[in-house]
Amino acid sequence: MKTFFLETDKWDTNCLLEGQEAKHAIKVLRMRVGDTIRLLDGKGREGIFAITEITKQAVSLEQQEVTQHPKPDAQHYVAIGWGKSVRRGWIFEKAVEFGAGGLWFWQADRSQSKVPAEVKEGWEGQMLAGAKQCGNPWIPELATFPDGAKGLMKCADEFDNIFMLWEGQSPSDVLSSEQLELSGKTLFIIGPEGGFSDSEASYFMEQGAQPVSLGKRILRWETAALLCLGLAWWKGEVNNAAR
């Protein structure tokens, strides 16, 4: 079944698919009246709809069933020091696949350019592509922190667990299985390409972030982020299977 995205405020018993989503359904997939599709709103809602009419620019839909998925008991966020864009697009889709609660970017001392003051429109589009591919009804929260480590930690008060991934600096304190299955909201703070500055590392620890490692090998930021999310997702899947 093909999956499409529709903004939350446009959902109804009878609704309309427009714009790029409609274009994809009509011109690329060649869908027809009577076909059934899946809709996601990125906020936990999933619906099955039947196509009732197709025009040149829109697809009319009739609701068959709708499910509101609850947020996971454990939510994992990654806060990444802003860096090169060449590998950034890749992490958006993967964060959705691994069920990240949020994907944040912060201005680090060693960032090679300035983080945008606001989230770019194209970022969500890349995550939506990942959600439609894997069927995840939740889109990670996106945020940028141009005011650096202090701005980031102002928004960390609501988190139950905060870990600073400090590769090569704390090899004995490897991220553990128990830490991966902690309940509530967990934040993994990751440095940019050049790593944390001494002042940033000290500040994060003063604010209660626990330094942990993924081993002695120094990993690229996108590898560290993906590994944290992947391990947390895998641990959750194992626990669910055991219930």
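Residues numbered from 1 in each chain as written. Predicted model: local features only at pLDDT ≥ 70, side-chain atom pairs only at ≥ 80, totals over all residues. Heavy atoms only, no water.

(A) The pairing of strand E3 (residues 36-40), seen in detail. Relative to E3, strand E1 (residues 3-5) runs parallel, the two sharing 3 bridges. Bridging across to E3, phenylalanine 4 finds its partner in leucine 39. Examined bridge by bridge, E3 and strand E4 (residues 45-54) share 5 bridges and lie antiparallel to one another. Bridge assignment links threonine 36 to a residue of E4, and that residue is alanine 50. (Pairing = 2+ DSSP bridges. Helix = DSSP H or I, 4+ residues; strand = E, 2+ residues; numbered from the N terminus.)

(B) Spatial organisation of the environment of lysine 10. Secondary-structure assignment places lysine 10 in the loop between E1 and strand E2 (14-17). Separated by 84 residues in sequence, lysine 10 and lysine 94 have C-alpha atoms that sit 27 Å apart.

(C) How the structure looks around the sheet that holds strand E6 (residues 74-81). With parallel pairing, the 6 strands of this open sheet are ordered in space as E8-E7-E6-E10-E9-E11. Edge positions in the sheet fall to strand E8 (141-145) and strand E11 (210-212), since each of these pairs with one other strand and no more. Going across the sheet, the axis of each strand differs from the next one's by a mean of 25 degrees, ignoring polarity. Pairing geometry for strand E9 (residues 161-165) and E11, over 3 bridges, is parallel. Within E11, the residue paired with phenylalanine 163 across the bridge is glutamine 210. Of the strands in this sheet, strand E7 (102-106) and E8 touch helix H2 (residues 88-97), which is tilted by about 155 degrees from E7. The sheet contacts of helix H6 (residues 198-206) involve E7, E9, strand E10 (184-190) and E11, and relative to E9 the element is tilted by about 160 degrees. (Axes fitted to C-alpha atoms, helices over the stretch in contact; angles between N-to-C directions. Contact = heavy atoms within 4.5 Å.)

(D) Examining the sheet that holds E4 more closely. Pairing within the open sheet is mixed, and its 5 strands lie in the order E1-E3-E4-E5-E2. Since the sheet does not close on itself, it has two edges, and those belong to E1 and E2, each with one partner. The sheet shows a mean angle of 45 degrees between the axes of neighbouring strands, direction not considered. Where helix H1 (residues 19-28) meets the sheet, its contacts fall on E1, E2, E4 and strand E5 (59-68), and the angle it forms with E1 comes to roughly 155 degrees.

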